[in-house]
Amino acid sequence: AQSVTQPDIHITVSEGASLELRCNYSYGATPYLFWYVQSPGQGLQLLLKYFSGDTLVQGIKGFEAEFKRSQSSFNLRKPSVHWSDAAEYFCAVGAFYNQGGKLIFGQGTELSVKP
Amino acid sequence: EAQVTQNPRYLITVTGKKLTVTCSQNMNHEYMSWYRQDPGLGLRQIYYSMNVEVTDKGDVPEGYKVSRKEKRNFPLILESPSPNQTSLYFCASSPHSVEQETQYFGPGTRLLVL
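Note that this is a predicted model, so its numbers are computed, not measured.

1. A look at the overall build of chain B
Right, so step 1: Scanning chain B for helices and strands turns up 0 helices and 11 strands.
Right, so step 2: Ordering the α and β elements of chain B from the N terminus gives β-β-β-β-β-β-β-β-β-β-β.
Right, so step 3: Taking 2.2 N^0.38 as the reference for a compact globule, 114 residues should give roughly 13 Å; the C-alpha atoms of chain B span a radius of gyration of 13 Å, in line with that estimate.
Right, so step 4: In terms of its C-alpha atoms, chain B occupies a principal-axis envelope of roughly 40 × 30 × 25 Å.

2. As for the interface of chain A and chain B
Right, so step 1: With 24 residues of chain A at the contact, the number on the chain B side is 24 residues.
Right, so step 2: Carbon and sulfur atoms supply 55% of the area buried between chain A and chain B, which totals about 1,800 Å² over both sides.
Right, so step 3: Our count for the chain A to chain B interface comes out at 0 salt bridges.

3. Side note on the state of the cysteines
Right, so step 1: Inspection of every chain in the model, using the stated rule, returns 2 disulfides over all chains.
Right, so step 2: One disulfide in the model links C23 of chain A with C91 of chain A; its S-S distance is 2.0 Å. Taking the sign of the torsion about the S-S bond as the criterion, the disulfide between C23 of chain A and C91 of chain A, at about -65°, is left-handed. Residue C23 of chain A is located in the loop between β3 (19-21) and β4 (24-26), and its partner C91 of chain A is located in strand β10 (residues 87-95); the two are separated by 68 residues in the primary sequence.
Right, so step 3: Judged by its relative accessible area of 0%, C23 of chain A falls in the buried class.
Right, so step 4: Since its relative accessible area comes to 0%, C91 of chain A is described here as buried.
Right, so step 5: Disulfide partner of C23 of chain B: C91 of chain B, at an S-S distance of 1.8 Å. Between C23 of chain B and C91 of chain B, the disulfide has an S-S torsion of -70° and is therefore left-handed.

4. Comments concerning the layout of surface pockets
Right, so step 1: In this structure, the largest pocket occupies an estimated 540 Å³ of space.
Right, so step 2: Along the walls of the largest pocket sit 29 residues, with Q38 and E88 of chain A together with Q37, L88 and R110 of chain B positioned nearest its centre.
Right, so step 3: Of all the elements in the fold, those that place two or more residues in the lining of the largest pocket are β10 and β12 (109-114) of chain A together with β4 (31-38), β9 (87-94) and β11 (109-113) of chain B.
Right, so step 4: It is β10 of chain A that contributes the most residues to the lining of the largest pocket, 3 residues altogether.
Right, so step 5: Of the voids in this model, the second largest pocket is the one considered here, and its volume is about 390 Å³.
Right, so step 6: Forming the walls of the second largest pocket are 20 residues, and the residues nearest its centre are G43, L44 and Q45 of chain A together with F105 and G106 of chain B.

5. Describing the packing of aromatic side chains
Right, so step 1: Inspection of the entire model under this criterion finds 16 aromatic pairs over all chains.
Right, so step 2: Arranged with centres 6.4 Å apart and planes meeting at 80°, the rings of F90 of chain B and F105 of chain B form a pair that is edge-to-face. You can see F90 of chain B sitting in strand β9 and its partner F105 of chain B sitting in strand β10 (residues 104-105), a full 15 residues away along the chain.
Right, so step 3: With relative accessibility at 0%, the residue F90 of chain B sits in the buried group.
Right, so step 4: In this structure an aromatic cluster arises from ring pairing among Y32, F34, Y36, F51, F90 and F105 of chain A together with Y35, F90 and F105 of chain B.

What counts and how
Residues numbered from 1 in each chain as written. Chains lettered and ligands numbered in written order. Predicted model: local features only at pLDDT ≥ 70, side-chain atom pairs only at ≥ 80, totals over all residues. Heavy atoms only, no water. Helix = DSSP H or I, 4+ residues; strand = E, 2+ residues; numbered from the N terminus. Rg over C-alpha atoms; globule rule 2.2 N^0.38 Å. Contact = heavy atoms within 4.5 Å. Buried area = accessible area lost by both parts, 1.4 Å probe. Salt bridge = Lys/Arg side-chain N within 4 Å of Asp/Glu carboxyl O. Disulfide = S-S within 2.5 Å. Buried < 20%, exposed > 50% of the residue type's maximum accessible area, 1.4 Å probe, protein only. 1 Å grid on protein atoms, 1.4 Å probe; cavity = no way out; pocket = protein on both sides within 12 Å on 5 of 7 lines; lining within 4 Å. Points joined across faces, edges and corners; volume = space filled by probe spheres on them. Phe/Tyr/Trp six-rings, centres within 6.5 Å; stacked < 30°, edge-to-face > 60°.

Pasting the structure below:
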């Protein structure tokens, strides 16, 4: 079955520290992968996406993600976290073909930032 | 400004009282979708629409209805809400239903059914 797993429900990092949020997927075909961020009381904003080509993808707000097919992973990274990065982060795989155009989401990782 | 809007943003209702959550996009997108977000479960698709008058069930359609009479609007209807429909609802749209396209999300509607 197609699925996305985010193993960490909640992560706390200090401001200025590096960040890595984990994402593993299970999908039979070539995956189309996304990271979204949801700030408190806000909708979901796309951070970055991977479709093909370079496996290191740059996104907005200084985020990047690396696609590793051998590990079925698409981890999100940021070298130096800012207090405004505190939010919930969702990894998703696009299951469009014959499946209603939906995104399959992980459970989300809540990020807290310590001063 | 290109956006997806939802109304209302917050709603408290009682069991059995019919309600409609509206969704509108101004980007001329063909594809629209509704998701619900529950703690520990991420977002799950309720219904989707490939174009006007074309709708179909997602993963969790029970208790919901939708319609797509105009390209820009995709309302979500709860004919007889129950407490297990208490959730955060998101509408999304994209130009087409292909893998490469980004889905744009509305701000969410938080629903409490008593």
